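# Survey of secondary and tertiary structure
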Amino acid sequence: MSEGIAETLKRINKIRAKGDRVEELKKYSDNFAIKALLDIVYNPKIEFLLPESDPPYKAAEKAQDVQNVLKREVRKMIYFINTPQGQNLRPFKREQIFIELLESVDPDDAKMLLSIKNKKAPFRAITKDVVAAAFEGIDTNW
């Protein structure tokens, strides 16, 4: 079973030295999902079009192999933020897609997504400075 996004970021978060965290994060410079999620957290131009409160959802079973689901489904984030695709959806449909995403990903990834939706860094040691140093000129073209 491979490592999910939340697991990867938790592991990097535990690295004590900032420079070592930057170097470890650089190893994921070709990982669109990690870059996109960190961009959403720290990019002030990106705003969510979802309600502030967390939606009710049923977390996926831990026994299921859902570690890679978020890696595949991260592109759905475009519907939840201030993009033309997100603005063209009716609020109910947007929220329904978000709940479906939360229910399909690893429970740790779902918790991380809720934190990101609230524009709160899910991992304290992976700061805006660490992300900027690891992914210079981060641009995920939302």
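Below or above, wherever it landed, is the structure these notes cover.

The rules behind the values
Numbering of residues starts from 1 in each chain and follows the order in which that chain's sequence is written. Since the coordinates come from a predicted model, pLDDT governs what is reported: local features require at least 70, and pairs of side-chain atoms require 80 or more to be given and counted, while whole-chain, interface and lining totals use all residues. Based on all heavy atoms of the structure, the side-chain values leave hydrogens and waters out of the count. By nonpolar core we mean a set of buried residues, namely Ala, Val, Leu, Ile, Met, Phe, Trp, Tyr and Cys, connected to one another through side-chain atoms within 4.5 Å. Only protein chains enter the accessibility calculation, which uses a 1.4 Å probe; a residue is then buried when its area is under 20% of its type maximum, exposed when over 50%, and partly exposed in between. Segments assigned H or I by DSSP are reported as helices when at least four residues long, segments assigned E as strands when at least two residues long, and all are numbered from the N terminus. Contacts are assigned to residue pairs with any non-hydrogen atoms lying within 4.5 Å of each other. Any Phe, Tyr or Trp ring, taking Trp's six-membered ring, that has another such ring centre within 6.5 Å forms a pair; planes under 30 degrees apart are called stacked, those over 60 apart edge-to-face, and the others tilted. Criterion for a charge above a ring: Lys NZ or Arg CZ within 6 Å of the ring centre, and within 35 degrees of the ring normal. Given a helix with a known number of residues, its expected span is that number minus one, times 1.5 Å. Starting at the helix axis, one direction is taken to each C-beta atom, and the arc is that of these directions.

### Details of the nonpolar core
- With 43 residues, the main nonpolar core has Leu9, Leu25, Leu37, Met77 and Met112 as its most contacted residues.
- If you list the elements that add at least two residues to this core, you get α1 (5-13), α2 (18-26), α3 (32-42), α4 (69-73), α6 (91-104), α7 (107-117) and α8 (128-134).
- The greatest single-element share of this core, amounting to eight residues, is contributed by α3.
- Beyond its immediate stretch of four places on either side in the chain, methionine 112 contacts Ile5, Ala6, Leu9, Leu37, Leu70, Pro122 and Phe123.

### Describing the packing of aromatic side chains
- By the definition in use, this model includes one aromatic pair.
- Pairing phenylalanine 80 with phenylalanine 98 gives two aromatic rings, centres 5.0 Å apart and planes at 75°, and the pair type is edge-to-face. With a gap of 18 residues between them, phenylalanine 80 in the loop between α4 and α5 (84-87) and phenylalanine 98 in helix α6 connect regions that are remote in the sequence.
- For the cation-ring pair, arginine 75 lies above phenylalanine 32, with the distance from its terminal atom to the ring centre recorded as 4.1 Å.

### What to know about the environment of lysine 76
- Checked against the element boundaries, lysine 76 lands in the loop between α4 and α5.
- Sequence separation between lysine 76 and phenylalanine 98 is 22 residues; the distance between their C-alpha atoms is 8.3 Å.

### What to know about α6
- Relative to the 20 Å expected for 14 residues at 1.5 Å per residue, α6 spans 20 Å between its end C-alpha atoms, a close match to the ideal helical length.
- Within the span of α6, buried status applies to Arg94, Ile97, Phe98, Leu101 and Leu102. Across the axial projection of α6, the buried residues extend over an arc of 140°, all falling on one side.

Note that every value here comes from positions in space, so none of it alone points to a role or purpose.
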